Amino acid sequence: MALKRSGLNWLKLPEVAHMKSALASLLVVLAVSNFGLSQDVKVRQEAVRLLEKASVASSPAKLPNLERVDTFRAFGDAGVKEGSFSRTVIQGVGRREEYVLGDYHLLNVWTQKQVAATGTPHVTPGEFVNLWRLTPIQPVRFDGEDVIHSIDERAVGSRKARCIEFDTIKGQQTQNNEICVDASTGVLLELRLGAELIENSDFFEFAGALMPGEIHYSVGGLRKMEISQSMKALADGEANVLSAPPGAQIQQRCTTFRRPFGTSMPQPKAGNGGNDVDIIVHATVLPNGRVYEAVIQNSERPDLNDEALALVKQWTFTPAMCDGNPRQIEVSVGIHFQGR
């Protein structure tokens, strides 16, 4: 399924700067077209209309200066971690972003020409990468991989909903999915995408749009993250929030940018049976093209995590280029385990 975000600035993935460089994100995505598969045209048209309505319901026509705060609990083998992300945006001027999770603390101030950064000089924890994907809300759009089966009515929590049942065909794999929208407001309530479940609730109005105050994320029936989200408009005279923090590293923003390209990417050995598994790894690519750090961003098979990390650390890239100069950058890459 094509996971596409609105063109609004506040919905884009945040750019993250470490103390020595401005960072961005790269997501490797594989896509296969299956337009030839049979499905009811009218049912598909109605499904597309429902997702378009959901996008409109949660997309402000015009954004004010704003402050957004996300607090979250992340669940994993190491127990429960609590963290926060805040973003202050002065429209047409810049933004301030702060990340806190355990001993990881990063503060970035972006203006039109430069970024000032201070904090922990390590790869962004995978919890924040998932947070960016899920917030402020994750709109979706059907593509040629998706085969729509039906649209049913049922309750999601206390709300009447219309739920779209469909399959996503990726090569030899078929993924069963469901998306539920509120029958009255049209907002996106629930997404079941394979093993992933995203639940949106406690909607509030902001700038004429409806946004979820609570977002719960699960994989394979296990809760991975609980997010509480708030937003408020700021007065026009609050641009001083974009002052550079004390001791910050200052770097000019890129006029031209080229992402890194893989030159050597060892893959895992295929198994003799079992399932195909994709594990997403988040890593830092240095100016010399080597991988410096890597963390698991998303995994349905924890027993394969160490193998995935070891492989990515062997990868090499052409470096990212900022105005013709090599630049450190963060990337997200998919490791595909076949028959494992």
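A. Expanded view of the environment of Gly220. Checked against the element boundaries, Gly220 lands in the loop between β13 (209–219) and β14 (222–233). For the pair Gly220 and Arg301, spaced 81 residues apart in sequence, the C-alpha separation works out to 9.8 Å.

B. Molecular detail of the nonpolar core. Counting residues in hydrophobic clusters, the biggest one holds 48 residues, and the most contacted among them are Phe72, Phe128, Ile164 and Met225. The contact partners of Ile164, leaving out residues within four places of it in the chain, are Ala47, Leu50, Leu51, Phe142, Ile148, Ser150, Ile151, Asn177, Glu178 and Ile179. Formed by 20 residues, the second largest nonpolar core is a distinct cluster that contains Val281, Val285, Ala308 and Ile329.

C. Summary view of the pattern of salt bridges. Within the structure shown, the criterion is met by 19 salt bridges. The residue Glu178 makes a salt bridge to Arg192 at a minimum N-O spacing of 3.8 Å. Taken as a pair, Glu178 in strand β10 (residues 173–182) and Arg192 in strand β11 (residues 188–193) lie far apart in primary sequence, 14 residues in all. By relative accessible area, Glu178 is classed as buried at 9%. On the basis of relative accessible area, Arg192 is assigned to the partly exposed category, the value being 36%. A cluster of three or more residues bridged by salt bridges with shared partners is formed by Arg73, Glu199, Arg223 and Glu226.

D. Examining the sheet that holds strand β21 (residues 320–322) more closely. Pairing within the open sheet is antiparallel, and its three strands lie in the order β16-β21-β22. A single partner strand is all that each edge strand has here, and the edge strands are β16 (257–258) and β22 (325–327). Inspection of the sheet shows β21 paired to β22 by three bridges, in the antiparallel sense. Following the sheet pairing, Cys322 is matched in β22 by Asn325.

E. View of the sheet that holds strand β23 (residues 329–337). Pairing in this open sheet of three strands is antiparallel, and the strands run β19-β18-β23 from one edge to the other. Of all strands in the sheet, those with a lone pairing partner are β19 (291–298) and β23, marking the two edges. Shown here is a sheet whose adjacent strand axes are inclined to one another by a mean of 30°, direction ignored. In terms of strand pairing, strand β18 (residues 277–285) meets β23 through nine bridges, oriented antiparallel. Residue pairing across strands places Thr284 opposite Glu330, the latter belonging to β23. Against the sheet, helix α2 (residues 126–134) contacts β18, β19 and β23, and its axis sits at roughly 55° relative to β19.

F. Expanded view of the state of the cysteines. Taken as a whole and judged by the stated rule, the model has two disulfides. Shown here is the disulfide that connects Cys254 with Cys322, its sulfur atoms set 2.1 Å apart. On the sign convention where negative is left-handed, the bridge of Cys254 and Cys322, at about -120° about the S-S bond, is left-handed. Pair noted here: Cys254 is in the loop between β15 (249–252) and β16 and Cys322 is in strand β21, with a separation of 68 residues, a long-range link. Overall, the relative accessible area of 4% leaves Cys322 in the buried class. Sequence-ordered numbering of the bonded cysteines in the protein chain gives a disulfide pattern of 1-2, 3-4.

Basis of the calculations
Residues numbered from 1 in each chain as written. Predicted model: local features only at pLDDT ≥ 70, side-chain atom pairs only at ≥ 80, totals over all residues. Heavy atoms only, no water. Helix = DSSP H or I, 4+ residues; strand = E, 2+ residues; numbered from the N terminus. Core = buried A, V, L, I, M, F, W, Y, C linked by side-chain atoms within 4.5 Å. Buried < 20%, exposed > 50% of the residue type's maximum accessible area, 1.4 Å probe, protein only. Contact = heavy atoms within 4.5 Å. Salt bridge = Lys/Arg side-chain N within 4 Å of Asp/Glu carboxyl O. Pairing = 2+ DSSP bridges. Axes fitted to C-alpha atoms, helices over the stretch in contact; angles between N-to-C directions. Disulfide = S-S within 2.5 Å.

Geometric values such as these leave the question of function open.
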